[in-house]
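Structural overview
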Amino acid sequence: MVGGSCDGCSVAVTGGTHPRVEHLLAGIIPGLPRVELVHTVVSTESGPEWVHNLFMAERGELDAPYVITWEGSIMDESVAAATGGYWMGLGDDPQTGRQISSLEWLDRLAPGAAAIIAIGTCATWGGIPSAKGNVTNSMGMMDYLGKDYRSSFGVPVVNIPGCSPIGDNYLEAASATLLFLNGLGPLPEFDELGRPAWLFGETVHRHCPRAGYYEEGVFAEEYGDKECLVELGCWGPVVQCNIAERGIVDGHGGCMNV
Ligand code: SF4
Ligand code: SF4
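Residues numbered from 1 in each chain as written. Chains lettered and ligands numbered in written order. Predicted model: local features only at pLDDT ≥ 70, side-chain atom pairs only at ≥ 80, totals over all residues. Heavy atoms only, no water.

What to know about the overall build of the protein
Helix and strand counts for the protein stand at ten helices and five strands. Against the 2.2 N^0.38 benchmark of 18 Å for 258 residues, the protein shows a C-alpha radius of gyration of 20 Å, consistent with a compact globule. Projected onto the principal axes, the alpha-carbon positions of the protein cover approximately 65 × 50 × 35 Å. Buried positions account for 43% of the 258 residues belonging to the protein. (Helix = DSSP H or I, 4+ residues; strand = E, 2+ residues; numbered from the N terminus. Rg over C-alpha atoms; globule rule 2.2 N^0.38 Å. Buried < 20%, exposed > 50% of the residue type's maximum accessible area, 1.4 Å probe, protein only.)

Structure below.
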């Protein structure tokens, strides 16, 4: 499901390799249930047929638990409603024709969800839409649902930050969560910010391929230089992320690897 999103998080996940999205959809990973994906871009259904899935989930008519992955900032619909509009619509009410917002769907589906995964910096912390000025009163999932939110299976909001996030981080965390939901694994360990603890425990700096330059005090002077980027604004010494060792797609790329 999407809030204020550029779809970049979804694109990142389609590039993930450990596991691949296709592996989850095919149900070929031992211990993990086969996943049926209902997505605003890649689903073959559209319009009322697509929204029908959400109504079925709300009514408890699916034959399996559902997990919400939310991409994009959570934008305050009451701000838009004040002028008769909406920020992000996701289908119509078939009886009245009324536009239903993404946020209304989140309100309706969050209590019954088996888990909620916020993907990307927009969904986790509010992202650029929540920067100074914030006319949409944008925020992250944990700010909206509260730190004490627990899914119907007892899972807190799972946060996978990054812009774009590392697709493999999402797929690995989602797989660990599915293993738990399937009764075959422990509840994954999350840090105080709701991130998978094993993925976000180290600073970028500790594993950066440019750390040798930092050690020698040799710094890049302009973009494209190969040396340490700290004088150009790199926050790697304080940001906790595994981008340096995992890369952005299949071990390649990432902000200090390009
Ligand atoms: S976190 Fe980045 S990639 Fe994801 S929706 Fe926001 S701007 Fe796009
Ligand atoms: S580029 Fe950033 S993360 Fe890498 S060594 Fe320099 S300061 Fe550390």
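What about the nonpolar core?
Judged by nonpolar contacts, the single largest core of 26 residues is most densely connected at I68, W105, L106, L109, I116 and M141. The element contributing the most residues to this core is helix α3 (residues 47-59), with five residues. With residues up to four places along the chain from it excluded, the contact list for I68 reads M1, L106, L109, A110, A113, A115, I116 and I117. (Core = buried A, V, L, I, M, F, W, Y, C linked by side-chain atoms within 4.5 Å. Contact = heavy atoms within 4.5 Å.)

Considering the pattern of salt bridges
In the structure shown here, the tally under the stated rule is eight salt bridges. Where R59 meets E61, a salt bridge forms, and the shortest distance between an N and an O atom there is 3.0 Å. Accessibility expressed as a relative area gives 47% for R59, which makes it partly exposed. For the salt bridge of R246 with E172, the shortest nitrogen-to-oxygen distance reads 2.7 Å. Of this pair, R246 sits in helix α10 (residues 243-246) while E172 sits in helix α8 (residues 167-181); the two residues are 74 residues apart in sequence, bridging distant segments of the chain. When its relative accessible area of 18% is taken as the criterion, R246 is described as buried. Sharing partners across several salt bridges, the network here consists of E58, R98, E104 and R108. (Salt bridge = Lys/Arg side-chain N within 4 Å of Asp/Glu carboxyl O.)

Remarks on the site of ligand 2
Ligand 2 sits among H205, C208, R210, A211, Y214, C228, L229, V230, C234, G236 and P237. Per-class residue counts for the shell around ligand 2 are eight nonpolar, two polar and one charged. (Near = heavy atom within 4 Å. Nonpolar A, V, L, I, M, F, W, Y, C, P; charged D, E, K, R; others polar.)

A short note on the pairing of strand β4 (residues 115-119)
Counted residue by residue, β4 has five buried out of five residues, so it is predominantly covered. Residues A115, I117 and I119 of β4 are buried on one face, and the alternating residues I116 and A118, pointing to the opposite face, are buried as well. Here strand β1 (residues 67-71) pairs with β4 via five bridges, running parallel. In the sheet register, E71 faces β4, and the bridge partner there is I119. Pairing between β4 and strand β5 (residues 158-160): three bridges, direction parallel. Within β5, the position partnered with A118 by the bridge is N159. (Pairing = 2+ DSSP bridges.)

Description of the site of ligand 1
Residues in contact with ligand 1, as listed here, are S5, C6, G8, C9, G120, T121, C122, G162, C163 and S164. If you list the elements that add at least two residues to the shell around ligand 1, you get α1 (8-14) and α6 (120-125). Ranked by residue count, the leading element in the shell around ligand 1 is α6, at three residues. A per-class count over the shell around ligand 1 returns four nonpolar, six polar and no charged.

Section: the sheet that holds β4
Reading across the sheet, the three strands line up as β1-β4-β5 and stay open at both edges, with parallel pairing between neighbours. Edge positions in the sheet fall to β1 and β5, since each has one partner strand and no second. Across the sheet, the axes of successive neighbouring strands diverge by a mean angle of 20 degrees, strand direction being ignored. Most of the contacts of helix α5 (residues 102-109) go to β1, to which it runs at about 150 degrees, and overall it touches β1 and β4. Its contacts with the sheet put α8 on β1, β4 and β5, and the angle it makes with β4 is roughly 175 degrees. (Axes fitted to C-alpha atoms, helices over the stretch in contact; angles between N-to-C directions.)

None of this, on its own, says anything about what the molecule does.
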